[in-house]
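So the chains spell out like this:
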Amino acid sequence: MAEKEEYEKVKDTGHNWDGITELDNPPPRWWLNALYLSGLFVLVYLILYPSLPLVHDSTKGLLGWTQIGEYKEALAVMEERRAPYEEKFSQMTIEEVLVDADMLNYISASSKVLFGDNCAACHGVGGQPPQGAAYPVLADDDWLYGGTIDEIMMSIAKGRIGLMPAHAGALTKQEVNLLTQFVIDSSNGVKNEAGRALYDEFGCAMCHGDDAKGDKYAGSANLTDRVWRFSGEEEQVRRTILHGVNDSFDPQTRLAMMPQWSEKMALMLEIKADVLNGGEKVEDINWEDELSGDETERLSESDIKKLAIYVHQLGGGE
Ligand code: HEC
Ligand code: HEC
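Residues numbered from 1 in each chain as written. Chains lettered and ligands numbered in written order. Predicted model: local features only at pLDDT ≥ 70, side-chain atom pairs only at ≥ 80, totals over all residues. Heavy atoms only, no water.

## Considering the packing of helix α3 (residues 67-91) against helix α5 (residues 101-118)
Spelled out, the test is: Think of each axis as a best-fit line through the C-alpha atoms, taken over the contacting stretch in the case of a helix, with angles from 0 to 180 degrees between the N-to-C directions. For the purposes of this entry, the term helix denotes a DSSP run of H or I that reaches at least four residues, the term strand denotes a run of E that reaches at least two, and both are numbered from the N terminus. Oblique is the label for every angle not falling under 35 degrees (roughly parallel), over 145 degrees (roughly antiparallel), or within 65 to 115 degrees (roughly perpendicular). Take the far helix as your reference; a near helix turned counterclockwise from it by less than a right angle gives a left-handed crossing, and one turned clockwise gives a right-handed crossing. Whether two residues are in contact is decided by their heavy atoms, any of which lying within 4.5 Å being enough.
Direction vectors running N to C along α3 and α5 enclose 110 degrees, while the axes themselves pass 11 Å from each other. When the axes of α3 and α5 are compared, the pair comes out roughly perpendicular. Between α3 and α5 the crossing geometry is left-handed. Contacts from R82, Y85, E86, K88 and F89 in α3 reach D102, M103, Y106 and I107 in α5.

Have a look at this one:
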């Protein structure tokens, strides 16, 4: 009966449905306290932090905190940590970088981001494009245009477009078959005299070399290894021979273009190489005379240098 008495002390609302009375219990204390506290929190927050939207802006809050401000502070801390490395790197030759483990570590970390942002869309994460993608693997020691750091730097700065003419109009069906077989045999180390004769007759050696190992000045693929630039399947090899690579006259040609990342740096590398070849000194170059000043730059010289070292390390280095 004790329970019933408790109820009777409580005010009722006067509502009664079929003998069930609606009581007017106050909410529990803890619940009310939580409600007041959260109201207080909102007030304090409104005063301290940016909160109420105005027409063009919002209230600023007494603390002066903003999300973008916090981001900028963190960025400044990062820049401050990187600055001594960047400063040191800009003064170092590539040979010096290669024997400086600490610097190599730094470059590897910062190039991973650069590579992810600019290169991975084509060359894949870590220089490993998905199988069947028509982009060269950068994480092996097989190079179209050469694998020294200087050559890699030139590939990035200048961009690369390998050219192989379509041969559809020049070859009979049987000749195409023979050449296709020759390429597949070569990659397996099998001799193919008849194919070899055609290879010489149709000028394949001009670009792919007498030994068919490719030529870094033409960027032509090595035909004697099992690393395929496109694919080792018979149909695919035939297609390359018939339609070529980047042959703008053949609508079925393969497209393979490495974008240019710095016209300016490519030009500078070429001029430096010329000057060195002529037995003169790089310090004597008058860059203001040599450059017009409107050469495009999508990546800075320092970024390209970093990426070349990074890619060189991926491939194990030549
Ligand atoms: C739009 C796609 C694309 C992007 C982006 C791209 N590349 Fe390439 N890259 C290519 C293609 C295609 C080739 C091969 C060109 C050819 O076959 O003539 C290539 C070739 C290269 C080579 C020469 C490889 C060799 O075997 O000699 C290097 C090095 C290279 N890329 C590095 C980079 C770096 C570093 C970046 C980022 C800054 C980058 N690439 C961004 C498509 C791309
Ligand atoms: C003017 C230069 C040139 C000539 C001539 C030439 N090629 Fe090529 N070839 C290239 C280049 C450059 C590439 C690589 C393109 C690339 O990777 O961007 C290539 C690629 C290939 C490939 C693809 C290899 C792979 O790994 O997927 C085959 C196969 C091939 N050539 C066969 C031949 C044959 C056979 C002939 C003669 C009928 C020939 N080429 C003539 C420049 C040439």
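Next, the rest of the story.
## Some remarks on the coordination of the iron atom of ligand 1
The line we're drawing: For Na, K and Ca the donor cut-off is 3.2 Å; for every other metal, N, O and S atoms count as donors within 2.8 Å. Water does not enter the count, which can leave sites looking incomplete. Think of it this way: with four donors and all angles in the 85 to 135 degree range, the site is tetrahedral; with four or six donors, opposite ones beyond 155 degrees and the rest between 65 and 115, it is square planar or octahedral; otherwise it is irregular. Residue burial is assigned from relative accessible area. The probe radius is 1.4 Å, only protein chains are included, and a residue is buried under 20% of its type maximum, exposed over 50%, and partly exposed in between.
The coordination sphere of the iron atom of ligand 1, as far as protein atoms go, consists of H123 (NE2) and M258 (SD), spread over 2.0 to 2.1 Å. The coordination sphere of the iron atom of ligand 1 comprises six donor atoms, whose angles at the metal cover 87 to 179 degrees; the geometry is octahedral. Highlighted residues: H123 in helix α6 (residues 120-123) and M258 in strand β4 (residues 257-258), separated in sequence by 135 residues. On the basis of relative accessibility, which here comes to 9%, the residue H123 falls in the buried class.

## Side note on the side chain of K305
Rules: For the purpose of charge, His is not counted, nor are the chain termini; Lys and Arg are scored as positive and Asp and Glu as negative. By definition here, a salt bridge exists when the distance from a side-chain nitrogen of Lys or Arg to a carboxyl oxygen of Asp or Glu is within 4 Å.
Looking at the element boundaries, K305 is found in helix α14 (residues 301-314). We note that K305 is buried and unpaired, the nearest opposite charge coming from E301 at a distance of 6.1 Å. Those residues within four positions of K305 in sequence are excluded, and the remaining contacts are F89, S90, M92, I94 and M153.

## A closer look at unusual backbone geometry
The backbone phi angle of A212 is positive, close to 60 degrees, even though this residue is not glycine. With respect to the helices and strands, the residue A212 is situated in the loop between α10 (204-208) and α11 (234-243). Of note, the phi angle at N246 is positive, near 55 degrees, even though the residue is not glycine.

## Describing the coordination of the iron atom of ligand 2
Looking at the iron atom of ligand 2, the protein donor atoms are M164 (SD) and H208 (NE2), and they sit 2.0 to 2.1 Å from it. Classification of the site at the iron atom of ligand 2 as octahedral follows from its six donor atoms and the range of 87 to 179 degrees in their angles at the metal. Here the residue M164 occupies a position in the loop between β3 (160-161) and α8 (173-187), and H208 occupies one in helix α10, the gap between them amounting to 44 residues. In this structure, M164 and H208 share a single accessibility class: buried.

## Quick notes on the site of ligand 2
How we decide: One heavy atom within 4 Å of a molecule or strand makes the whole residue count as near it. Pairing of N or O atoms within 3.5 Å defines a polar contact, subject to two protein rules: one partner must be a possible hydrogen donor and the other a possible acceptor, and residues neighboring in sequence count only if both atoms are side-chain atoms. Charged residues are taken to be Asp, Glu, Lys and Arg, nonpolar residues to be Ala, Val, Leu, Ile, Met, Phe, Trp, Tyr, Cys and Pro, and polar residues to be all remaining types, Gly included.
Neighbouring ligand 2 are 26 residues; M164, C204, C207, H208 and R229 lie closest to it. In this structure, a nitrogen atom belonging to ligand 2 sits 2.8 Å away from a side-chain N or O atom of H208. R229 places a polar main-chain atom, nitrogen or oxygen, 2.7 Å from an oxygen atom of ligand 2. Partitioning the shell around ligand 2 into residue classes produces 17 nonpolar, eight polar and one charged.

## A word on the site of ligand 1
In the vicinity of ligand 1 lie 24 residues, with C119, C122, H123, Y145 and M258 positioned nearest. Contact between ligand 1 and H123: a nitrogen atom at 2.8 Å from a side-chain N or O atom of the residue. Note that an oxygen atom of ligand 1 is positioned 2.7 Å from one of the backbone N or O atoms of L144. Elements represented by at least two residues in the shell around ligand 1 include exactly α6, α7 (149-158), β3 and β4. Sort the elements by how many residues they give to the shell around ligand 1 and α7 lands first, with three residues. When grouped by side-chain class, the residues that make up the shell around ligand 1 number 18 nonpolar, four polar and two charged.

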